[in-house]
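# Descriptive structure summary
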Amino acid sequence: MKILDKTICVVGLGYIGLPTASLLGTKGFKVYGVDASPQVVDTINQGRIHIVEPDLDILVKSAVQSGNLSAGLEPKQADVFIIAVPTPFKGNHEPDLSYVEAATRNIAPFVKSGNLVILESTSPVGTTDGVVARILREAGHDVDRKVYVAHCPERVLPGRILVELVENDRIVGGINDSSTQVAVDFYKSFVRGEVLATDSRTAEMAKLTENSFRDVNIAFANELSLICDKEGINVWNLISLANLHPRVKILQPGPGVGGHCIAVDPWFIVARNPELARLIRVAREVNDSKPEWVIAKVKTAANKFKKPVVGCLGLAFKADVDDLRESPALEIVHKLKHERVGELLVAEPNLTKHPEFELLPYEEVVTRSDIVLLLVDHKQFRKLKAVDLKEKILIDTRGIVV
Ligand code: SAJ
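It should be emphasised that the depicted structure is a prediction, and the values quoted were computed from it without experimental measurement. (Residues numbered from 1 in each chain as written. Predicted model: local features only at pLDDT ≥ 70, side-chain atom pairs only at ≥ 80, totals over all residues. Heavy atoms only, no water.)

### Some details on the sheet that holds strand 5 (residues 116-119)
Read across the sheet, eight strands follow the order 3-2-1-4-5-6-7-8 without closing on themselves; strand pairing throughout is mixed. The outermost strands of the open sheet, each flanked by one partner alone, are strand 3 (69-72) and strand 8 (195-199). Pairwise comparison of adjacent strand axes, ignoring direction, gives a mean angle of 25° for this sheet. In this structure, strand 6 (residues 148-151) lies alongside strand 7 (residues 170-174), joined through two bridges in antiparallel fashion. Within strand 7, the position partnered with His-151 by the bridge is Gly-173. Against the sheet, helix 5 (residues 127-138) engages strand 4 (80-83), strand 5 and strand 6, with an angle of about 150° to strand 6. Relative to the sheet, helix 7 (residues 177-188) contacts strand 1 (7-11), strand 4, strand 5, strand 6, strand 7 and strand 8, its axis offset from that of strand 7 by approximately 150°. (Pairing = 2+ DSSP bridges. Helix = DSSP H or I, 4+ residues; strand = E, 2+ residues; numbered from the N terminus. Axes fitted to C-alpha atoms, helices over the stretch in contact; angles between N-to-C directions. Contact = heavy atoms within 4.5 Å.)

Have a look at this one:
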């Protein structure tokens, strides 16, 4: 069978599953997507999308119109199964693998000899073998010889998903050598970057390592921002000067670290290695404490006014996306409301509505506010100039207003 004749079942049509499914559809594979939400399934079958990501609408429309992509609520038989479901953590920062378990149980009756099952969801070390392969084994599949099981962590950056899905190098690790080889051949059929073979545990750890590296680096920047604030030094100037050193590359401070990846994945290392993962844990704590520091700044500023009006610019977890998962901006605005720190005006140009806040055009928010709280470096907010805000108190958590 030629590789493009293969049929693919993608379980989970979110930020990773949908771009992957539609990309494979436009490459010529027959793709069937599965999602638990009937609205998501309907939307995709109409060739439309339920998330904001540049160019994804065009890709999904073209894949659906060509007949290569369709969606449903239950899996179907296929040659390749890709699991792309969320792996959040529970209240105690322990990983919640219930979606991976449920997805594997769902596909188990449809898996046949010769099939490849890939876990793309970011997972703690041991999940591919200890959860996915185990459940398939328990369902009667011969995963040691006849069904191939591998981990290939997604590594795409929200906002650049479609480019990075094709261009990024991929790490592929099977539960045995034959699984690795079959999975490597599959990814080589549509990835332009290198496809690097390893074992499933190393592949799992590689993904967690990449995001922990970034988290630790951002925590360093956030810690510097607290120190510089006390010392009366502009942290963004400081970092750009320090970064001129050829071996220094500090990331940017902000209101905290959000998203479903960097704020989550390091805990998967900490949960399995509580004694050893000291730096990784402290970095998480530093980044998680930043929203409270921002709130304290707003309260101090608000005390200067009888009836303070606080203009909050941005709710998303980072620039130019609509994604609110683990968003420090949302957490800050939510707490300001809860603690009644003045009248709040909120702008989020990437959303049309929000269940908790009335969204206003950002120009109106700026004009009507005493305190301008810039939380996300969206492209619209980059036009703001300090000279235009001189009547107001500006709290710029991203360092973009000059
Ligand atoms: N942030 C800062 N300062 C920075 C960079 C980021 O405060 O200098 C904040 C952002 O505002 C945001 C959070 O960190 O709140 C995370 O944003 P991000 O752009 O660093 O990362 P994500 O979560 O969008 O995507 C990351 C990427 N991982 C790495 O860059 C190592 C992406 O490649 C992964 O595929 C993705 O996690 C994932 O799915 O795991």
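### Here's the deal with the packing of aromatic side chains
The final tally for this structure, using the stated rule, is five aromatic pairs. Their ring planes at 45° and their centres at 5.5 Å tell us that Tyr-187 and Phe-190 sit as a pair that is tilted. On the basis of relative accessible area, Phe-190 is assigned to the buried category, the value being 4%. Ring pairing ties together the aromatic residues Phe-29, Phe-186, Tyr-187 and Phe-190, which thus form one cluster. Here Lys-76 stacks its cationic end above the ring of Tyr-32, 4.3 Å away from the centre of that ring. The ring of Phe-357 carries Lys-337 above its face, with NZ or CZ at 5.5 Å from the centroid. (Phe/Tyr/Trp six-rings, centres within 6.5 Å; stacked < 30°, edge-to-face > 60°. Buried < 20%, exposed > 50% of the residue type's maximum accessible area, 1.4 Å probe, protein only. Lys NZ or Arg CZ within 6 Å of the ring centre and 35° of its normal.)

### A short note on the pattern of salt bridges
Close approach of charged atoms allows side chains with opposite charge to pair. Counted under the stated rule, the structure contains 21 salt bridges. Here Glu-292 ties to Lys-335 by a salt bridge, and the two come within 2.9 Å at their closest N and O atoms. Linking Glu-292 in helix 11 (residues 278-302) with Lys-335 in helix 12 (residues 328-338), this pair joins segments that are 43 residues apart in sequence. With a shortest N-O distance of 3.8 Å, Asp-377 and Arg-398 are connected by a salt bridge. Residue Asp-377 is found in the loop between strand 11 (371-374) and strand 12 (393-396), and its partner Arg-398 is found in the segment after strand 12; the two are separated by 21 residues along the sequence. (Salt bridge = Lys/Arg side-chain N within 4 Å of Asp/Glu carboxyl O.)

### Remarks on unusual backbone geometry
Phi at Asp-320 is positive, roughly 60°, even though this residue is not glycine. In this structure, Asp-320 sits in the loop between strand 9 (309-313) and helix 12. Judged by its relative accessible area of 33%, Asp-320 is partly exposed. Even without a glycine there, the phi angle at Glu-326 is positive, about 55°.

### Focus on the site of the ligand
Around the ligand, the surrounding shell holds 20 residues, and the nearest of these are Glu-154, Val-156, Lys-207, Arg-214 and Gln-252. If the ligand stood free it would expose 770 Å²; the protein chains cover 89% of that surface. Of all the elements, helix 8 (residues 200-231) adds the most residues to the shell around the ligand, at five residues. Of the residues contributing to the shell around the ligand, the split by class is nine nonpolar, three polar and eight charged. (Near = heavy atom within 4 Å. Areas by Shrake-Rupley, 256 points an atom, 1.4 Å probe, with all protein chains shown as cover. Nonpolar A, V, L, I, M, F, W, Y, C, P; charged D, E, K, R; others polar.)

### Topic: the side chain of Ser-179
Following the sequence through the fold, Ser-179 ends up in helix 7. If near-sequence neighbours (up to four positions away) are discounted, Ser-179 is found in contact with Val-147, Tyr-148, Val-149, Ala-150 and Gly-174.

### Some thoughts on the sheet that holds strand 11
Reading across from one edge, 10-9-11-12 is the order of the four strands in this open sheet, with parallel pairing throughout. Among the strands making up the open sheet, the edge pair consists of strand 10 (343-347) and strand 12. Taken over all neighbouring pairs, the strand axes of this sheet differ in orientation by 15° on average, direction set aside. Sheet analysis places strand 9 next to strand 10, joined by five bridges and oriented parallel. Within strand 10, the residue paired with Gly-311 across the bridge is Leu-345. The strands touched by helix 11 within the sheet are strand 9, strand 11 and strand 12, with strand 11 carrying the most contacts at an inclination of about 170°. Along the sheet face, helix 12 touches strand 9, strand 10 and strand 11 and points at about 160° away from the line of strand 10.

### Some thoughts on the environment of Asp-288
Take Asp-288: it is sitting in helix 11. Classification of Asp-288 as partly exposed rests on a relative accessible area of 37%. Asp-288 sits 201 residues away from Thr-87 along the chain, and the two C-alpha atoms are 19 Å apart.

### Looking at helix 4 (residues 98-107)
Those residues of helix 4 that fall on the buried side of the exposure criterion are Val-100, Ala-103, Thr-104 and Ile-107. Buried residues along helix 4 cover an arc of 95° about the axis, so they all sit on one side. (Arc of directions from axis to C-beta.)

### Observations concerning the packing of helix 1 (residues 17-26) against helix 3 (residues 56-65)
Geometry of a packed helix pair, given as the angle between the helix axes and the separation of the axes. Axis separation between helix 1 and helix 3 bottoms out at 8 Å; the angle between their running directions is 50°. Classified by the angle their axes make, helix 1 and helix 3 are oblique. For the pair helix 1 and helix 3, the crossing hand works out as left-handed. Facing Leu-18, Pro-19, Ser-22, Leu-23, Gly-25 and Thr-26 of helix 1, the residues of helix 3 in contact are Leu-56, Leu-59, Val-60, Ser-62 and Ala-63. (Parallel < 35°, antiparallel > 145°, perpendicular 65-115°, else oblique. Left-handed = near helix turned anticlockwise from the far one by under 90°.)

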